[in-house]
Amino acid sequence: MNTCTYASAECLEACLFTAGRAEYLPSIIEARVAKTVFLHENRALFLESVQADLRSLRNYCIKHSTRKTPMTPATRPNGTTDMAWLGMWIADNNPDIQVYDYTKLPKAWLRVRSNYHLTFSYSGHNLSDAIACLAHGVNVAVVFDTRKGRKLPESWNGYTVIDGDMHDLRFLDPKGVVVGLRAKGKARKVDSAFVVKTNGTAPIGQKPAFVTFAA
Ligand code: SF4
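Since the model is a prediction, treat every value here as computed from it, not as a measurement.

A word on the layout of surface pockets
- By volume, the second largest pocket is sized at about 330 Å³.
- Considering the residues around the second largest pocket, the lining is formed by 15 residues, among which Thr-146, Arg-182, Ala-183, Lys-184 and Arg-188 are closest to the centre.
- Its residues assigned to classes, the lining of the second largest pocket shows four nonpolar, two polar and nine charged.

Here's the deal with the packing of helix H2 (residues 26-41) against helix H3 (residues 43-64)
- Contact geometry of H2 with H3 gives a least axis separation of 5 Å together with a crossing angle of 125°. The angle between H2 and H3 falls in the class oblique. Of H3, the residues touching H2 (which contributes Lys-35, Phe-38, Leu-39 and Glu-41) are Arg-43, Leu-45, Phe-46 and Ser-49.

Describing helix H4 (residues 84-93)
- Listed in full, the buried residues belonging to H4 are Ala-84, Leu-86, Gly-87, Met-88, Ile-90 and Ala-91.
- Packed against the buried residues of H4 are H3, strand E1 (74-75), strand E2 (98-103) and strand E3 (116-121).

Concerning the pattern of salt bridges
- Tallying each qualifying case throughout the model produces eight salt bridges.
- Ionic pairing is found between Asp-168 and Arg-76, a salt bridge with its closest N-O pair at 3.1 Å. Within this pair, whereas Asp-168 is found in the loop between strand E6 (159-163) and strand E7 (178-182), its partner Arg-76 is found in the loop between E1 and H4, the two being separated by 92 residues in sequence.
- By relative accessible area, Asp-168 is classed as partly exposed at 28%.
- Where Asp-163 meets Arg-182, a salt bridge forms, and the shortest distance between an N and an O atom there is 3.1 Å. With Asp-163 in strand E6 and Arg-182 in strand E7, this pair connects stretches of sequence that are 19 residues apart.
- Linked by salt bridges that have partners in common, Arg-76, Asp-168, Arg-170 and Asp-173 make up one network.

Examining helix H5 (residues 127-135)
- For H5, the full list of buried residues reads Ala-130, Cys-133 and Leu-134. Buried residues of H5 fall within an arc of 100° about the axis and therefore sit on the same side. Turned more than 90 degrees from where H5 packs its buried face, Ser-128 and Ala-135 sit exposed.
- Directly beyond the C-terminal end of H5, a positive phi value near 85° is found at Gly-137.

What to know about the site of the ligand
- Neighbouring residues of the ligand: Cys-4, Ala-7, Cys-11, Leu-12, Cys-15, Thr-80, Thr-81 and Lys-104.
- Class assignment of the residues belonging to the shell around the ligand gives a composition of five nonpolar, two polar and one charged.

A closer look at unusual backbone geometry
- A positive phi angle is found at Lys-107, which is not glycine, with a value near 55°.
- In this fold, Lys-107 is placed in the loop between E2 and E3.
- Assessed through its relative accessible area of 48%, Lys-107 is described here as partly exposed.
- A positive phi angle, near 50°, is found at Asn-157, a position not held by glycine.

Some words on the pairing of E2
- In terms of burial, E2 is largely enclosed, as six of its six residues are buried.
- Burial along E2 is two-sided: Gln-98, Tyr-100 and Tyr-102 facing one way and Val-99, Asp-101 and Thr-103 facing the other are all buried.
- Strand direction decides the pairing type here: E1 and E2, joined by two bridges, are parallel. Note on E2: the bridge partner recorded for Ala-74 is Gln-98.
- As for the winding sense of the linkage, the β-α-β connection from E1 through H4 to E2 is right-handed.

Reading guide: rules and limits
- Throughout, residues of each chain are indexed from 1 in the direction in which the sequence is written.
- With the structure being a predicted model, the display of local features is reserved for residues of pLDDT at least 70 and the display and counting of side-chain atom pairs for 80 or more, all residues being used for whole-chain, interface and lining totals.
- For the side-chain quantities, the full set of heavy atoms in the structure was used; hydrogens and water were omitted.
- Throughout, the protein atoms alone are placed on a 1 Å grid, and a set of points is a cavity if a 1.4 Å probe fits but cannot get out or a pocket if it is open with protein on both sides within 12 Å along at least five of seven lines; lining residues have an atom within 4 Å of a point.
- Grid points are joined across faces, edges and corners, and a volume is the space filled by probe spheres set on the points.
- Charged means Asp, Glu, Lys or Arg here, nonpolar means Ala, Val, Leu, Ile, Met, Phe, Trp, Tyr, Cys or Pro, and polar covers whatever is left, Gly included.
- Orientation is described by axes fitted as lines to C-alpha atoms, over the contacting stretch for helices, and by angles from 0 to 180 degrees between their N-to-C directions.
- Segments assigned H or I by DSSP are reported as helices when at least four residues long, segments assigned E as strands when at least two residues long, and all are numbered from the N terminus.
- In these notes the angle categories are as follows: under 35 degrees is roughly parallel, over 145 is roughly antiparallel, 65 to 115 is roughly perpendicular, and the rest is oblique.
- Any two residues whose heavy atoms approach within 4.5 Å are treated as being in contact.
- Exposure categories follow from relative accessible area, calculated using a 1.4 Å probe and restricted to protein chains: below 20% of the type maximum is buried, above 50% is exposed, and the middle band is partly exposed.
- A carboxyl oxygen of Asp or Glu within 4 Å of a side-chain nitrogen of Lys or Arg is what we treat as a salt bridge.
- Summarising the geometry, the arc corresponds to the directions from the helix axis toward the C-beta atoms.
- Only a single heavy atom is needed: when it lies within 4 Å of a molecule or strand, its residue is near that molecule or strand.
- Two strands make a pair as long as DSSP finds a minimum of two bridges between them.
- Whether a crossover is right-handed depends on one test, that the path from the first strand over the helix to the second runs clockwise when the strands point away from the viewer.

As structure tokens, then:
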């Protein structure tokens, strides 16, 4: 079952499913595979379980909201998949929930909704799709070889780069920017077009040595 129609050979190799806690806990990868198989075998039941999880999330936010600090439920359904229909289905069926995803599927702006935010992912082979997304107001995520604690480049192909590692709430990002990410998991070790080379940047707090990069 291919859940990422536009995955490149390189991004398959360096996919985020190898990053974070999954790097050390195989059970996390096993759980992700089990969920994908569940979806493949019984889509209706899978969607019911998604709705049950979202009900719990909604109730949690209601319980812990205060007038001073209201909580808005948000979900990122395609953590390590790229299924356009799933994000749109969740957004359409849960208008009070903020849904957001990264995607490599072209023309991402056509799938955006008031409660569904998309960030297009640069793979090293989809520059024209990335530029088209920026032109239509959809931000583009670019992975740089910048190390943890170092500054990301200031711009990429003429667009301002923001630090996407500060948080993962992409729907809070300004529009028309490149979301810079530092390579994580296997991506740190893979030499590919997926990870944009920077020739090194300055430590955070200092002026970067190199500021503009083209793909
Ligand atoms: S989740 Fe993203 S990085 Fe991973 S294989 Fe799919 S498209 Fe590539």
